[in-house]
Amino acid sequence: MEEGARSCLLQSRSSLEQDIRASYLMDHMISDGVLTGDEEDRIRSKPTRREQAAALLELLLRKDNQAYISFYNALIRESYGDLASLLHNSLPLVSPEAEKSFSDGGTRHVQAVLSEGGVPQRPVVFVSRPALVNRVREKLYHLQKEPGWVTVFGMAGSGKSVLAAESVRDHALITECFPGGVHWLSIGQLDRADLLVRIQSLCFRLEQQSQEKDPSSSLHRSPGSLEEAKERLRFLMLHRYPRSLLILDDIWDSSVLKAFDIQCRVLLTTRDRSLADCVSGSKSEVAVESGLEEDQALEILALYVNGKPQRLPEQARSIVRECKGSPLVVSLVGALLREFPDRWAYYLHTLQQKKFKRIRKSSSYDYDALDQAMAASIQVLSEEHRELYIDLTVLEKDVKVPAKVLSVLWDLEPEEVEDVFQDFVNKSLLFRDCHHRPYLYYLHDLQLDFLAEMNRSGLEVGLIHSTQWRLQGPPTSGDEECLYWFRFLTYHMAKANLTQELYSLMFSLDWVRTKAQIMGPAHLINDYVEYGAILDKEVRGHFQEFLSLNGHQLEQRPFPDVVQLALSQPDSSEVYRQALLQAQERATRGGLYLDWVNKSSLKSLSRLVVQPHQGSIYSACFSHDGTKIASCGSSKTLRVFKSTSGEKLLEIQAHDDDVLCCAFSPDDHLLATCSSDRKVKVWGGTLPSDEHEEQVNHCQFTNTHRRLLLATCSNDKFMNTKLWNINKPSSQNTMFGHLEPVNHCCFSPDDVYLSTSSSDGTLKVGGRAITSYNYGVVTDPSCCSQVFDVETAAMLLEIRTSRLSTVQYCHACPSSKLVAIALSHYAVELWDIETSKKMADCSGHLSWVHGVQFSPDGSLLLSCSDDQTVRVWETNKVHTSSAVCLKRDSDVLFNNGDITVVAADNRNRLQVRGLGLKWNHLSLSPRLPSPSSLSPPPSPFSFLPLSPQVLEVPSGTSLATLQGHTRTVLHCQFTPEGDTLITSSEDTTIRVWRWRTGECVVLEGHKEQVRCFSLLTTSPSSETHLLSWSFDGTIKVWDMSSGERLQDLVCHQGAVLACDVSPDGQLFATTSADKTAKVWSSASWECVCLLNGHQDCVRSCRFSWDGRRLATGDDNGEIRLWNVKDGTLLKICSRENKDAMDSLHGGWVTDLHFSPDNTVLLSTGGYIKWWNVEKGEALQTFYPTGANLKRIHVSPDFSTFVTIDNIGILYILKKVE
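Only a predicted model underlies this, so the values are computations on that prediction, with no experimental measurement involved. (Residues numbered from 1 in each chain as written. Predicted model: local features only at pLDDT ≥ 70, side-chain atom pairs only at ≥ 80, totals over all residues. Heavy atoms only, no water.)

Caption draft 1: Fine view of the sheet that holds strand β43 (residues 969–974). Across the sheet, four strands lie side by side as β43-β44-β45-β46; this open sheet has antiparallel pairing. In the strand order of this sheet, the two ends are held by β43 and β46 (999–1003), each with one partner. Strand-to-strand twist in this sheet, taken as the mean axis angle between neighbours without regard to direction, amounts to 20°. Two strands pair when backbone bridges link them, and β43 and strand β44 (residues 980–985) are joined in this way by five bridges, in the antiparallel orientation. When the bridges of β44 are listed, V969 appears paired with S985. (Pairing = 2+ DSSP bridges. Helix = DSSP H or I, 4+ residues; strand = E, 2+ residues; numbered from the N terminus. Axes fitted to C-alpha atoms, helices over the stretch in contact; angles between N-to-C directions.)

Caption draft 2: Layout of the state of the cysteines. In this structure the tally under the stated criterion is zero disulfides. Just so you know, C661 is unpaired, no disulfide at all, and the nearest cysteine sulfur is the one on C699, 4.0 Å from it. (Disulfide = S-S within 2.5 Å.)

Caption draft 3: Summary view of the sheet that holds strand β64 (residues 1200–1204). One open sheet accounts for four strands, arranged β9-β65-β64-β63; its pairing is antiparallel. In this open sheet, the two edge strands, each paired with only one partner strand, are β9 (594–596) and β63 (1193–1194). Bridge count for β9 against strand β65 (residues 1210–1215) is three bridges, and the pairing is antiparallel. In the sheet register, D595 faces β65, and the bridge partner there is K1214.

Caption draft 4: Quick peek at the side chain of N526. In this fold, N526 is placed in helix α29 (residues 521–530). Within polar-contact distance, the side chain of N526 engages the side chain of S645 at 2.7 Å. Once residues lying within four places of it in the same chain are set aside, the contact partners of N526 are K642, T644, S645 and E647. (Polar contact = N/O pair within 3.5 Å; in protein donor to acceptor, adjacent residues only side chain to side chain. Contact = heavy atoms within 4.5 Å.)

Caption draft 5: Fine view of the UniProt feature "repeat: WD" (unreviewed entry) in the protein. Here, UniProt's "repeat: WD" (unreviewed entry) annotation points to residues 652–683, 735–765, 842–883, 962–1003, 1003–1048, 1049–1081 and 1091–1132. Strand forms 53% of residues 652–683 and helix 0%; the C-alpha atoms that close the span are 9 Å apart. Structurally, residues 1049–1081 is divided into 0% helix and 58% strand, and its ends, taken at the C-alpha atoms, are 12 Å apart. (UniProt positions renumbered as here; feature names shortened; annotations may be inferred.)

Caption draft 6: Focus on helix α10 (residues 130–141). Helix length check: α10 (12 residues) gives 16 Å between terminal C-alpha atoms against 16 Å at 1.5 Å per residue, within 8%. With nine of 12 residues buried, α10 is to be regarded as a mostly interior element. L132, V133, N134, R135, V136, R137, E138, L140 and Y141 are the residues of α10 that are buried. (Expected span 1.5 Å × (residues − 1). Buried < 20%, exposed > 50% of the residue type's maximum accessible area, 1.4 Å probe, protein only.)

Caption draft 7: Quick peek at the nonpolar core. Judged by nonpolar contacts, the single largest core of 80 residues is most densely connected at L392, L406, W410, F421 and F424. For this core, the leading source of residues is helix α26 (residues 480–495), giving nine residues. Both domains that meet at this core, namely domain 3 (611–644 + 651–824 + 848–882) and domain 5 (1051–1216), each give it at least three residues. Excluding residues that lie within four positions of it along the chain, F421 makes contacts with L392, A403, L406, W410, L430 and Y441. (Core = buried A, V, L, I, M, F, W, Y, C linked by side-chain atoms within 4.5 Å. Domains from an automatic or database assignment.)

Caption draft 8: Layout of the packing of helix α16 (residues 294–304) against helix α17 (residues 314–322). Running from N to C, α16 and α17 cross one another at 120°; their axes reach a closest spacing of 10 Å. Relative to α17, α16 is oriented oblique. When you trace α16 past α17, the crossing you get is right-handed. Taken together, the residues of α17 that come into contact with α16 (itself represented by E294, A297, L298 and L301) are A316, R317, V320 and R321. (Parallel < 35°, antiparallel > 145°, perpendicular 65-115°, else oblique. Left-handed = near helix turned anticlockwise from the far one by under 90°.)

Caption draft 9: Structural detail: the packing of α10 against helix α11 (residues 160–167). Put simply, α10 and α11 touch, their axes get as near as 9 Å, and they point 60° apart. Viewed along their axes, α10 and α11 adopt a mutual orientation that is oblique. Considering how the two elements wind past one another, α10 and α11 form a crossing that is right-handed. Where α10 approaches α11, its residues L132, V133, V136, R137 and L140 are matched on the opposing element by L163, E166 and S167. Of the residues belonging to the contact of α10 with α11, the class tally is five nonpolar, one polar and two charged. (Nonpolar A, V, L, I, M, F, W, Y, C, P; charged D, E, K, R; others polar.)

Caption draft 10: Representation of the side chain of E647 within the structure. In this fold, E647 is placed in the loop between β13 (637–642) and β14 (648–653). Owing to a relative accessible area of 14%, E647 belongs among the buried residues under this scheme. When residues no more than four places from it in sequence are discounted, the contact partners of E647 are R487, A522, H523, N526, V640, F641 and K642.

Caption draft 11: Seen up close, the environment of T869. If you trace the backbone, T869 turns up in the loop between β33 (860–865) and β34 (870–874). Expressed as a C-alpha distance, the spacing of T869 and L608, which sit 261 residues apart in the sequence, is 10.0 Å. Here T869 is in contact with H552, V609, V610, Q611, I617, H845, S863 and C864, once residues within four sequence places are set aside.

Caption draft 12: Spotlight on the pattern of salt bridges. Tallying each qualifying case throughout the model produces 34 salt bridges. For D595, the salt bridge goes to K599, with nearest N and O atoms at 3.4 Å. For the pair D595 and K599, one class covers both residues: buried. (Salt bridge = Lys/Arg side-chain N within 4 Å of Asp/Glu carboxyl O.)

Caption draft 13: View of a nonpolar patch on the surface. Together, F718, M719 and L739 make up a nonpolar patch on the protein surface, roughly 320 Å² of accessible area in all. Examined against the element boundaries, L739 turns out to sit in the loop between β21 (728–735) and β22 (742–747). (Patch = residues over 30% accessible without salt bridge, like charges linked within 9 Å, V, L, I, M, F, W, Y side chains within 5 Å. Areas by Shrake-Rupley, 256 points an atom, 1.4 Å probe, with all protein chains shown as cover.)

Caption draft 14: Representation of the packing of aromatic side chains in the model. As enumerated under the stated definition, the model contains 18 aromatic pairs in all. With centroids separated by 5.3 Å and ring planes inclined at 75°, the aromatic side chains of W1170 and F1201 adopt a geometry described as edge-to-face. Residue W1170 is located in strand β61 (residues 1168–1172), and its partner F1201 is located in strand β64; the two are separated by 31 residues in the primary sequence. The same class applies to W1170 and to F1201, which are both buried. Through a chain of ring-to-ring contacts, three or more aromatic side chains come together here, namely Y389, W410, F421, F424 and Y441. The lysine or arginine in question, R432, covers the ring of Y439, its NZ or CZ lying 5.0 Å from the ring centre. We note R1099 situated over the ring of W1148; from NZ or CZ to the ring centre the distance is 3.8 Å. (Phe/Tyr/Trp six-rings, centres within 6.5 Å; stacked < 30°, edge-to-face > 60°. Lys NZ or Arg CZ within 6 Å of the ring centre and 35° of its normal.)

Caption draft 15: Expanded view of the pairing of strand β31 (residues 837–843). Where strand β30 (residues 827–832) lies against β31, six bridges are found, and the strand directions are antiparallel. Across the sheet, the residue bridging to E829 is D841, located in β31. A loop of four residues connects β30 with β31, the two strands running antiparallel in sequence, and S836 in this loop sits at a positive phi of about 60°.

The following block contains the structure:
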């Protein structure tokens, strides 16, 4: 290695060791042949990253110049540009006395050599591509000792010719490798006669230069044929110019290249990478990317219009993105803008409209217009392949397809299609993704747009009909063709105007089920949004609403039963109609489906429900154009998805701890996140250089483009609010004032002021008094939000919400006087500040709501929650609900097909309802109603605040008021004859009432609250005793007539949570918080079985009707089936994976019921499940709108099921027959 290069490595060693990852760089160096596999293994064996970097540098110092060059190029490829710049000046290819080739084009000697050889000068507008230039130079350096070929290939307009000329513009390269000179020959599309003329001209030039150097040499007559010309050129290159480089620019035909197969050193540019296969000698190649980096393309445009990249209009970025950075298009548009600098929007529109003929400008390029350059590439194909290439117009932009997709259209074997594609790839007309097996292929957007102009009618129809509708089920793993059709069949149908076929497909529940299982619901929602204009509006709305509100369920695995989900849709929905027909057909074959028969009065207010993370979601925000939503949370990730469908656009592992907030910049180009790991990160920009000392709670960009700042606030002791200048990350302002953690910060609309709110109970607004803004809204950690006048600090309004909830967040609508408030009791409320009225209840979340935000135009509202979902609401459609909101304590009477339900509501009333009838409500007490119980007909029932009341149904006439309990009554139950009412209470007592006479027997003995009890009939006396259990860990047996305590059993070390008596009364089971269950004998009062195995509190139990099995359920969602006779475990019923609530059942298993024939087990938790008892497998799952079901009532024939969820919705479910 040259001394200068070695010295530079030693000087930069510390910086390199600190920053580089050796494993990233070694892959490139092995590919270049400067590093061996054994050397890589020795370096990788070092325990730390820094030691690996030190070992690599130590090895590098013992190698030659090529290793230095390879290491430099590897740094560039892996985006270590700052480190590569440290080594640039000492690159061995640049001689010490030479000037920098990247800056001025080389020394005078270089300029003279290139000028004599006909090498084109740099274009007037030039932007360096150092990584590519160095790659070509590295290949040229291999020609120093022997002849060979270096092929530079790429698609039309990718900058191959400029790159080839730039590569030889270096003093050391010419003097050390090509002292005989560099000779340029432009070829293009030539016939034999024109080719002969070109070679004759080259030979004449070489002989003339030779005679000038050696007057004794003489000129020969021009060769008369190609064969003679080839021999003359061979002689000149071998004898007079033995170490020179011949550059052949724009080669199209292999027959042309054979004319130069004369054992010399050749650099050629072409669109066809396979051309060099026809010649002899060593070969290497360099692929030229189809597009420039965005900053390079913007620099070119800026040079054309004599401006700076950062001052270009926004259309400049759009032009670069539209053409994917194509050097040809950028140069053509730049040249046009030089003459017409106010036409940015026009040329952008021209590109978007695919009017390539208008992108035309006289230049040194062979083709004046973009369409000519694209057409020239296609014309060199054989006629058969040209027709096939035009067929690629059926593909969609930015979509990679397997060869098998086109084999359907072309009626060729996949291997034959691969061969055709190989020809296209070789000619840079198609790109191949080699990271997949089978290979995937795709077109550059410009190529696809050009082909679209040549589209032939009927092509899409033929393609679709050729598929033969083979999409009958989920594809096998790796079936890329099937996956392609599931994703893009609707696209091709719409493009082919197959409207009726599109209707049939998209309005099919079978298609929805299969595509959702493979692609997820977001792709389906996108289809309904994309093709909404050509679909029936009403039916499209049915399917789109179904997917939007159930998408989070369709993301779960195992995949839910779509038919069962669809049965919860309104009866008028086409989705429900198809689901009911399928459910009825499947029921005849033994399938189990449930119809929610009382759902007609309910209407979901959500527009979209998305589950973007596994874990709580702490923050979500709209982009400023309203098309995207970003979210973050306990999963430590940042995710961006479409606001219309939930389709994932970006996912980043953002931090090492919970991500607490995310925010878009005003132009939506940047995203900021902050975390419990004390870091603030700006994605797409420069990271702040300093950190907070404690967790960072909130971040917010300024609202305008004028000056981009980022505000962050944290739990730091004093410096808890900081302002960051994104363009100068080290520049910051630290704001003082709060003495406790700052939880939130917000810029005023004009970015003049910053407000902060803190745990110290204060709200601070920076700067002078504000007169241009009428009010500010803040949340109180209790149950209210307050509206202040910013100028006077006077409180204008206090919004008080439920006393049972705390306010988590609030946001003011930018287009109205609405304020959204996020609450801890799983709800979002909208309030009008002017009228001080609540305008809407947005219920649906299953846990605490952490954040709310209106879209920029105020039409949408999003909310995020601990339940792992983001919900999007339409502001003008949400409203206050008039529906009755019930509490979960209820009772149901099934009587000859009639159903009577009694439950307390949120307005301190008891609600009584028969199926098909409206609710009757009875306002009985100012206190919150407690549990209720129905007796058999003639239907009196008990209502339990502090003093139980017995009422007549349906009139509500009070028959008795029973006073005696001193604390809340927890449970009540009539005896079978209806004359006796039993109640248990938090006051640790049980009371047995003869309610008609008022007589009462008090059962005392428990030390803690008695939440429940059961009647126990023992033989042979058939006396009915009372079995009670309590949090004190005991079971007690009572004589109800005398109040005598018959048995007192200490059952568990923890609270007794549930108890069940076997149908014959001989056994009873108990479950406990100590994670065990026990089976007891009613005769001996001894434990006959101890059931171990649950990993959490055992919450529920139930005997089968034949008494042979016992089912137990725990707080982890697991259900176990036991053999009662010997206590052995029969089955474990559970999901394959935990669900969104980190449970196997959506929460605690709270209730269990066996079917009369003991073949089916019903369980409740976060949702309702039916299980096959013999197999332990789930038969069906019903997902309620809410969660945390407390109990379920089952009809005697096991065909009707009634329950209430935690947000007060009643479910009456009937088996579909």
